[in-house]
Amino acid sequence: VLFRSGFEEHNAMEFLLFLAHARGDTNSLAHRVIRTFGSLSAALDAPYEELVQVPGIGPSSAAVLKFIPQMCAYYLENKRDARREIGRASCRERV
């Protein structure tokens, strides 16, 4: 599966794991996580308790993976709200 950016699913997982394992090679760990859960999104949606059961995934890696969907949701909500504010300001300027 390719992402819009050209990354394969395991490459995206590898990048996310690198946030918690900056000094290590995360390629094999990324493949293991994808194999365990079946997809990137399933891994990110997995309970923390299941993530830490994957060999090589410790508390900090699991916390990073659990944080990603929350931060993405916050980003999208913030972006939507900012557009609304810009739209409201434009409407006030026209009046």
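Residues numbered from 1 in each chain as written. Predicted model: local features only at pLDDT ≥ 70, side-chain atom pairs only at ≥ 80, totals over all residues. Heavy atoms only, no water.

## Examining the packing of helix 1 (residues 9-18) against helix 2 (residues 27-37)
Running from N to C, helix 1 and helix 2 cross one another at 115°; their axes reach a closest spacing of 8 Å. As helix 1 packs across helix 2, the resulting crossing turns out to be right-handed. Residue-level contacts link Glu9, His10, Met13, Glu14 and Leu17 of helix 1 to Asn27, Leu29, Ala30, His31, Val33 and Ile34 of helix 2. Classifying every residue of the contact of helix 1 with helix 2 gives six nonpolar, three polar and two charged. (Axes fitted to C-alpha atoms, helices over the stretch in contact; angles between N-to-C directions. Helix = DSSP H or I, 4+ residues; strand = E, 2+ residues; numbered from the N terminus. Left-handed = near helix turned anticlockwise from the far one by under 90°. Contact = heavy atoms within 4.5 Å. Nonpolar A, V, L, I, M, F, W, Y, C, P; charged D, E, K, R; others polar.)

## Description of the confidence of the model for the protein
Reading fine detail from the predicted coordinates is not recommended where pLDDT is low. On average, residues of the protein score 85 in pLDDT, and 82% of them reach the 70 mark or higher. The least confident element of the protein, judged by mean pLDDT, is helix 5 (residues 59-94) at 81; the most confident is helix 4 (residues 48-51) at 98. (pLDDT = per-residue confidence, 0-100.)

## Quick word on the pattern of salt bridges
Pairs can form between side chains of opposite charge whenever their charged atoms are close. Evaluation of the coordinates by the stated rule reveals one salt bridge. Residue Asp81 is joined to Arg80 by a salt bridge in which the shortest nitrogen-to-oxygen separation is 3.2 Å. Classification of Arg80 by relative accessible area gives partly exposed; the value is 40%. (Salt bridge = Lys/Arg side-chain N within 4 Å of Asp/Glu carboxyl O. Buried < 20%, exposed > 50% of the residue type's maximum accessible area, 1.4 Å probe, protein only.)

## A word on the side chain of Ser39
Locating Ser39 in the fold gives a position in the loop between helix 2 and helix 3 (40-45). Looking at Ser39, its side chain comes within polar contact range of the main-chain nitrogen of Ala42, at 3.0 Å. Not counting residues within four places of it along the chain, the set of residues in contact with Ser39 comprises Glu9 and Ile34. (Polar contact = N/O pair within 3.5 Å; in protein donor to acceptor, adjacent residues only side chain to side chain.)

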